[in-house]
Amino acid sequence: VINQGDVGDNFFVVESGELTIRITVGEGDEKSEVIGGTYRRGSAFGEFALIFGCPRAATVMATKACQLWCLDRYAYRGVVSQ
């Protein structure tokens, strides 16, 4: 769904399914992947990159079929500012 280091342009809400959070840490030969948790129905993610204008902090992959709601940066800011 999203990849660590990519530009963040959407916010996601999980309607159904399951997604795994994966975070790559370290550099070069010391690089490893850490499982950061799981998103399920009612979870939301992607706000950090939208709020702070930084790259995605983690990779989020669907581990079961899922349905997501998505808001782009402008819609997200409109909802949050109200």
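## Some points on a nonpolar patch on the surface
A grouping of Phe48, Ile51 and Phe52 is seen on the molecular surface, where their side chains present a nonpolar patch of about 340 Å² in accessible area. Turning to its location among the elements, Ile51 is positioned in helix 1 (residues 47–52).

## Section: the state of the cysteines
Overall, the coordinates contain 0 disulfides when judged by the stated rule. Cysteine Cys54 shares no disulfide, and the gap to the nearest cysteine sulfur, in Cys70, comes to 17 Å. You can see Cys66 has no disulfide; the closest cysteine sulfur is in Cys70, sitting 12 Å from it.

## Section: the pattern of salt bridges
Going through the model one piece at a time under the given rule, you end up with 2 salt bridges. As a salt-bridge pair, Glu18 and Arg40 come within 3.3 Å of each other at their nearest N and O atoms. In this pair, Glu18 is assigned in strand 1 (residues 10–25) and Arg40 in the loop between strand 2 (32–39) and strand 3 (44–45), connecting sequence segments 22 residues apart. The exposure class assigned to Arg40 is partly exposed, which follows from its relative accessible area of 47%. Of the charged contacts in the structure, one is a salt bridge between Glu33 and Arg22, with a shortest N-O distance of 3.0 Å. With a gap of 11 residues between them, Glu33 in strand 2 and Arg22 in strand 1 connect regions that are remote in the sequence. Overall, Glu33 belongs to the partly exposed group, its relative accessible area being 48%. Relative accessible area serves as the criterion here: at 24%, Arg22 is assigned to the partly exposed category.

## Concerning the layout of surface pockets
Considering only enclosed or pocket space, the largest pocket measures out at about 180 Å³ in volume. If you trace the largest pocket, you find 13 residues lining it, with Tyr39, Phe45, Gly46, Phe48 and Ala57 closest to the centre. Breaking the lining of the largest pocket down by element, the ones donating at least two residues are strand 3 and helix 1. Ranked by residue count, the leading element in the lining of the largest pocket is helix 1, at 3 residues. Of the residues assigned to the lining of the largest pocket, the class counts are 10 nonpolar, 1 polar and 2 charged.

What counts, and where the lines are drawn
Every chain is numbered independently, its residues counted from 1 as its sequence is written. This being a predicted model, a pLDDT of at least 70 is required before a residue's local features are given, and a value of 80 or more before pairs of side-chain atoms are given or counted; all residues contribute to the totals for chains, interfaces and linings. In computing side-chain values, all of the structure's heavy atoms are included and hydrogens and water are not. What makes a patch is a set of residues exposed beyond 30% relative accessible area and free of salt bridges, joined within 9 Å when like-charged and within 5 Å when nonpolar (Val, Leu, Ile, Met, Phe, Trp, Tyr). Per-residue and other accessible areas were derived by the Shrake-Rupley procedure at a 1.4 Å probe size, with only the shown protein chains allowed to occlude residues. For salt bridges, the criterion is a side-chain nitrogen of Lys or Arg within 4 Å of an Asp or Glu carboxyl oxygen. Secondary structure elements follow DSSP: runs of H or I of four or more residues count as helices, runs of E of two or more count as strands, with numbering from the N terminus. Throughout, disulfides are identified as pairs of cysteine sulfur atoms within 2.5 Å of each other. Three exposure classes are used, based on accessible area relative to the maximum for each residue type with a 1.4 Å probe and protein chains only: buried under 20%, partly exposed in between, and exposed over 50%. Every definition here rests on a 1 Å grid over the protein atoms only: cavities are sets of points where a 1.4 Å probe fits but cannot get out, pockets are open sets enclosed by protein on both sides within 12 Å along at least five of seven lines, and lining residues have some atom within 4 Å of a point. Grid points are joined across faces, edges and corners, and a volume is the space filled by probe spheres set on the points. Under the grouping applied here, Gly and all other residues not named as nonpolar or charged are polar, the nonpolar ones being Ala, Val, Leu, Ile, Met, Phe, Trp, Tyr, Cys and Pro and the charged ones Asp, Glu, Lys and Arg.

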